[in-house]
Amino acid sequence: HRLKYKGDERAGIFLGRIIGSTLKESERFSGLDYLLPMPLFASRQKERGYNQSAILCKGIQEVLNIPIAENNLVRIRATETQTRKDRSKRWLNVADSFSLKDPSQLRGARLLLVDDVITTGATLEASCAALEKANPAGINIAVAAIAAK
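Everything quoted here is computed from the prediction, not taken from an experiment. (Residues numbered from 1 in each chain as written. Predicted model: local features only at pLDDT ≥ 70, side-chain atom pairs only at ≥ 80, totals over all residues. Heavy atoms only, no water.)

A. Representation of the sheet that holds strand β1 (residues 34–37) in the model. Read from one edge of the open sheet, three strands run β1-β4-β5, paired in parallel fashion. A single partner strand is all that each edge strand has here, and the edge strands are β1 and β5 (138–146). Within this sheet the neighbouring strands show an average axis-to-axis angle of 25 degrees, counted without direction. Strand direction decides the pairing type here: β1 and strand β4 (residues 110–118), joined by four bridges, are parallel. Of the residues in β4, the one forming a bridge with L36 is L113. In this fold helix α4 (residues 52–64) packs onto β1, β4 and β5, with an angle of close to 125 degrees to the strand it touches most, β4. (Pairing = 2+ DSSP bridges. Helix = DSSP H or I, 4+ residues; strand = E, 2+ residues; numbered from the N terminus. Axes fitted to C-alpha atoms, helices over the stretch in contact; angles between N-to-C directions. Contact = heavy atoms within 4.5 Å.)

Rendered as structure tokens:
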């Protein structure tokens, strides 16, 4: 809550370090090429002043020493908040909301997509659909929290 709504960067770095340490212990996550924070739409990021997923990536990067491809995956349209939508409405809300600026950067790469909270996974699915267009070697996902039902 402090990271997402209060802009507490220290909390995000701390959580990112925990995620990075956990991933470092797993062979499944070895050989990653890029960290990709879940993007916010430009107006939302300007309003908030930060991207909480990018802050998590900074903490993960401190532990894993993997570059952050922060501006490649972009949110190309504003979406309504997902907080009060059911799964099907969440998917419709975020479908076709993401694009890649430079697909060639991610071609053949092992990616770690980072988000702060997962509820139904609709946003992650929509962003992975955009990432698949780059033909990466793999897409892995890390989240800081899972929303309670």
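Here the narrative resumes.
B. Structural context of the packing of helix α2 (residues 9–24) against α4. Running from N to C, α2 and α4 cross one another at 45 degrees; their axes reach a closest spacing of 6 Å. Classified by the angle their axes make, α2 and α4 are oblique. Crossing of α2 against α4: the hand is right-handed. In this structure, α2 uses E9, G12, I13, L15, G16, R17, I19, G20, S21, L23 and K24 to contact α4, whose residues at the interface are I55, L56, K58, G59, I60, E62, V63 and L64. Broken down by class, the residue content of the contact of α2 with α4 amounts to nine nonpolar, five polar and five charged. (Parallel < 35°, antiparallel > 145°, perpendicular 65-115°, else oblique. Left-handed = near helix turned anticlockwise from the far one by under 90°. Nonpolar A, V, L, I, M, F, W, Y, C, P; charged D, E, K, R; others polar.)

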